[in-house]
Amino acid sequence: MAQKAEVRAERVITPPILVAVIALIVFSQLVCAMVVSISSVIRGWFVGPVYFVLVFELLGRRFPKFRLRPAQLLVLLLPLWYASGKAFMITGAGGEGWGDIISLAETFRVRALADPAVRSLCWDLTPSLLAPKNLPAVEKAWRGLIPGEAIDWALWLPSTAFWALWLVITTLMIVIVVYTVVGPQTVEVERLVYPMSVPATVLLSNAGTWVEVKGKVKSKLFDLTDARIKVFWIAFALGAVFLSVIPMVMEVLPIVPILGASLWGEIPLPFHQFTAAVLPGAAFYTVFIIHQAILMTLLPYDVLITPIIVWLIFYVIYPTLGVRLGILPYEPDAEARANVWFGLRPPFPMAEFGAIGLSLGIALLTLWEARGTVSRVLKGEMVGGELPVKQLLYLFAGLFIVWLALWSAAGANPIMMIYFFILFILWQISIVRYYAEIWWHPPTMDYYHVLIWPVGASIGAWAAVPSQNSQALYIQNMALVVHGSGAAYRQIPYNMGWIAHTYKWARDLNASLKDMLLILFAVAIVGWPLGMLVSTWWMHHVGGYAKLNYIYNSWAVDNALDRGIRGLTLYGTLLEMPFWQHSLLAALGVATVFAVHFLRARFAWFLINPTAMAATLWLPQYMWSASLAALIAKYLGVKVFGARRYEEYAAYVAAGLCWGLGSGYLLAGIYDLLLNIIPKFQAFYVP
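Residues numbered from 1 in each chain as written. Predicted model: local features only at pLDDT ≥ 70, side-chain atom pairs only at ≥ 80, totals over all residues. Heavy atoms only, no water.

Visitor: Hey, could you run me through the overall build of the chain in this one?
Guide: From N to C terminus, the chain includes 28 helices and four strands. Relative to the globule expectation of 26 Å for 687 residues, the C-alpha radius of gyration of the chain, 25 Å, shows essentially globular dimensions. Its C-alpha atoms give the chain principal-axis dimensions of roughly 75 × 65 × 60 Å. Out of the 687 residues in the chain, the part that is buried amounts to 60%. (Helix = DSSP H or I, 4+ residues; strand = E, 2+ residues; numbered from the N terminus. Rg over C-alpha atoms; globule rule 2.2 N^0.38 Å. Buried < 20%, exposed > 50% of the residue type's maximum accessible area, 1.4 Å probe, protein only.)

Visitor: Where do I start with the side chain of S219 in this structure?
Guide: Take S219: it is sitting in strand β2 (residues 216-219). A polar contact of 2.5 Å, which involves the side chain of S219, links it to the side chain of E57. Excluding its chain neighbours within four sequence positions, the residues that come into contact with S219 are E57, N206, A207, T209, W210 and V211. (Polar contact = N/O pair within 3.5 Å; in protein donor to acceptor, adjacent residues only side chain to side chain. Contact = heavy atoms within 4.5 Å.)

Visitor: I keep staring at the pattern of salt bridges and nothing clicks. Help me out?
Guide: Pairs can form between side chains of opposite charge whenever their charged atoms are close. Overall, the coordinates contain 22 salt bridges when judged by the stated rule. In this structure, the salt-bridge partner of R109 is E106, at a minimum N-O distance of 2.9 Å. Of the two residues, R109 and E106 are both situated in helix α4 (residues 98-114); the distance of three residues between them amounts to about one turn of the helix. Note on R109: relative accessible area 0%, which makes it buried. (Salt bridge = Lys/Arg side-chain N within 4 Å of Asp/Glu carboxyl O.)

Visitor: I tried to follow the environment of A487 on my own but got confused; where do I start?
Guide: Here A487 shows up in the loop between α20 (471-484) and α21 (496-508). Judged by its relative accessible area of 8%, A487 falls in the buried class. Along the backbone, A487 and F222 are 265 residues apart, and their C-alpha atoms lie at a distance of 38 Å.

Visitor: What is the right way to read the packing of aromatic side chains from this model?
Guide: The tally for this structure, following the rule as stated, stands at 48 aromatic pairs. Put simply, the rings of W81, Y82, W98, Y435, Y494, W498, W505 and W528 pair up and form one aromatic cluster. Taking NZ or CZ as reference, R61 lies 5.5 Å from the ring centre of F222, over its face. (Phe/Tyr/Trp six-rings, centres within 6.5 Å; stacked < 30°, edge-to-face > 60°. Lys NZ or Arg CZ within 6 Å of the ring centre and 35° of its normal.)

Visitor: It is not clear to me how the packing of helix α18 (residues 414-437) against helix α19 (residues 449-458) should be interpreted in this structure. Could you clarify?
Guide: Packing of α18 against α19 brings their axes to within 11 Å, and their N-to-C directions diverge by 160 degrees. With respect to α19, the axis of α18 lies roughly antiparallel. The handedness of the crossing between α18 and α19 is right-handed. Facing α18, whose interface residues are M416, Y419, F420 and L423, α19 presents L451, I452, V455 and G456. Classifying every residue of the contact of α18 with α19 by side-chain character gives seven nonpolar, one polar and no charged. (Axes fitted to C-alpha atoms, helices over the stretch in contact; angles between N-to-C directions. Parallel < 35°, antiparallel > 145°, perpendicular 65-115°, else oblique. Left-handed = near helix turned anticlockwise from the far one by under 90°. Nonpolar A, V, L, I, M, F, W, Y, C, P; charged D, E, K, R; others polar.)

Visitor: Please explain the nonpolar core as it appears in this structure.
Guide: Within soluble globular proteins, side chains that are nonpolar generally end up buried alongside one another. Core analysis: the largest hydrophobic core is formed by 252 residues, its most contacted members being W163, Y179, W403, W407, Y474 and Y494. Ranked by the residues each element gives to this core, the list is headed by helix α7 (residues 153-189), at 19 residues. (Core = buried A, V, L, I, M, F, W, Y, C linked by side-chain atoms within 4.5 Å.)

Visitor: Would you take a moment to explain empty space enclosed by the protein for this structure?
Guide: Using the criterion set out here, one finds four cavities of 30 Å³ or more in the structure. For the largest cavity, the calculated volume is near 90 Å³. Lining the largest cavity, in full, are Q29, C32, A33, V36, S37, G99, I102, G531, V534, S535 and Y550. Where the lining of the largest cavity is concerned, the elements lending two or more residues are α1 (15-38), α4 and α22 (513-541). It is α1 that provides the largest number of residues to the lining of the largest cavity, a total of five residues. Tallied by class, residues from the lining of the largest cavity come to six nonpolar, five polar and no charged. (1 Å grid on protein atoms, 1.4 Å probe; cavity = no way out; pocket = protein on both sides within 12 Å on 5 of 7 lines; lining within 4 Å. Points joined across faces, edges and corners; volume = space filled by probe spheres on them.)

Visitor: Hey, could you run me through a nonpolar patch on the surface in this one?
Guide: Where nonpolar side chains cluster on the molecular surface, the patch consists of I309, L312, I313, I317, L321, L325 and I327 and spans about 640 Å² of accessible area. In this fold, L325 is placed in the loop between α13 (301-324) and α14 (338-341). (Patch = residues over 30% accessible without salt bridge, like charges linked within 9 Å, V, L, I, M, F, W, Y side chains within 5 Å. Areas by Shrake-Rupley, 256 points an atom, 1.4 Å probe, with all protein chains shown as cover.)

Visitor: Just checking my understanding: could you explain the packing of α7 against helix α16 (residues 371-378) for this structure?
Guide: Two quantities define a packed helix pair, namely the angle between the helix axes and the distance between the axes. Between α7 and α16, whose axes approach to 9 Å, the crossing angle comes to 150 degrees. With respect to α16, the axis of α7 lies roughly antiparallel. For the element pair α7 and α16, the recorded crossing hand is right-handed. Across from T180, V181, P184 and Q185 in α7, the residues of α16 making contact are T373, V374 and V377. Residues of the contact of α7 with α16, tallied by class, amount to four nonpolar, three polar and no charged.

Visitor: It is not clear to me how the environment of R566 should be interpreted in this structure. Could you clarify?
Guide: Relative to the elements of secondary structure, R566 occurs in the loop between α23 (555-561) and α24 (579-602). With relative accessibility at 34%, the residue R566 sits in the partly exposed group. A C-alpha to C-alpha distance of 7.9 Å links R566 and P466, two positions 100 residues apart in sequence. Not counting residues within four places of it along the chain, the set of residues in contact with R566 comprises V118, L121, S467, D558 and L561. Within the structure, R566 has its side chain in polar contact with the side chain of D562 (distance 3.0 Å).

Visitor: Please clarify how the side chain of R109 should be interpreted in this entry.
Guide: A polar side-chain atom of R109 sits 2.9 Å from a polar atom in the side chain of S159. R109 has contacts with L130, A131, P132, V138, W156, S159, T160, W163, M532 and T536, leaving out every residue within four places of it along the chain.

Visitor: Would you mind showing me how to read the environment of P620 here?
Guide: The topology assignment puts P620 in the loop between α25 (610-618) and α26 (624-641). The exposure class assigned to P620 is buried, which follows from its relative accessible area of 2%. Note: C-alpha distance between P620 and I308 (312 residues apart in sequence) is 9.1 Å. The residues contacting P620, other than those within four sequence positions of it, are W311, Y315, N339 and A615.

Visitor: Where do I start with helix α6 (residues 135-143) in this structure?
Guide: Given 3.6 residues to a turn, an α-helix orients residues that are three or four positions apart in the same direction. Among the residues of α6, those classed as buried are A137, V138, A141 and W142. Along the axis of α6, the buried residues cluster in a sector spanning 140 degrees; they form a single face. Looking at the buried positions of α6, the neighbouring elements they touch are α4, α7 and α22. The N-capping residue of α6, defined by a side-chain oxygen 3.0 Å from the backbone nitrogen of A137, is N134. (Arc of directions from axis to C-beta.)

Worth remembering: the numbers are spatial, not functional.
The following block contains the structure:
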């Protein structure tokens, strides 16, 4: 029997590609600093991959050297992805990116020491390694330079180096874990869907494959003899004409977005206003993400059904009965924040159960399923032998030692930071499953405070009192915020979930894993230090922290203070429960995941998906409506076209609709650039 020829992964790195990537990193950081700090509509770089591909299509038809392969197109897009944000590789729009996590660092460097509202609390707790302990210097950054003033770089470089080094080290460790363990397990062993990878895979795999059609050389993306390509462009046209109009009208043209719509396609829908009188507490409020619903049509039925079941039981029936029986408190509009109002209080804090217990269970189950992969990696082996696994393990160990030394030097308790690191890695592994099985809705790590506080108090790292002047506690809380909050490694393109996407793309686009890993290393090593330097310069010369969009992350300092420094008040309803109950909930969550996994393996009819269950318990408003819409669309699609045809064309339809939806983001960027960004820059800039 003839054996299928092995397809060798293509090398990606060439001298021109490497030079282009470095140039794009520099360009991206400059754009990111400008747009993130003073934009009003867009979140970062705004020229999407579709336009990028069109440029190379035109160049490639005329000049053969511009006929790039799929993986080469991918690596050139990576710096722009980090400058634009999470949705860039899905629709071309923006989201959390490089600038968000840098602004968290700036909040602790500037706002904590310059803002009179918190300065007295933060000054003595902040070491000079993390921020310049010079009031005139931080006040300049807070208000911006005035003519004749200059940045005192000698004061700013130590903290710039700390934050840049932390970002580089953390990112490299994440890349290593993904490329040695989590990526191989979820992509090659479990073959998870990775729905958010589909638009880029469809676009780049066809744009980077060149064919001759009727004597003319073009990429497969424009080969209309292929029925799937026709379907893609029809879907693109529909998305561009109809779907992109929705965010344009709701987010760009009005000064105040309609319904609070944001992020190019995230639409709040207050259905609870029509049901609250009859069903008080029932969480019919939802945020409908257009591209989420589109790509969820590619998911299996169990993932689509689980959120609807969980939402009905825990966020419709449970709160309604609880309110009616007087067990749960109620106030008007509680339905719009049900996951916080009902989900973080006794008798059953289901949002905490999902965010901590089930998420830890998902991570531990992933490691259990990957035990064979982990065993091989620890022996220095890897299937295919593509990566120097032993060297990567040594590098990981060295990076961890430096990471621990950094935070210990900053004043954190070393034992607590080791414990925190274990929780962080488990949380990151769980994010991979959320991204690979559903969407970008993993919980924040904020809730893990209920597992960190009592352990630190028990070993004497800080006192077990709700208000104290403890540097170790403040630095621990700071670490929790900059690692695990919504603006940190939860959604930026350098978290474990998105890095796993690069592994998935490498496999789908036949790229060398070694080259992809080296490119990711290069982008981190060059990008993060450059980003911190650019941010420091920009903040001083273009208006100051208090005038720029950095101020939107000012909550980070309050978040750290309200976990035991100024008081123990963050997520106060959780604190109505003793800490041992939180540990019990976490253990029960882990046990639930393994029990559900066992039931799914034994009974084909058992449809509950643990990852979808966790996502819905923690964030129901972002899950139930998209799942319902996708379930209906998939059911009708399979019914009308048949399962085989649906599977053949669904990815191309979904990709076309997503890129069509994002096509208008270019106009939004131009609008914001001309009406907001350039005028603000002209008004704020001081040479």
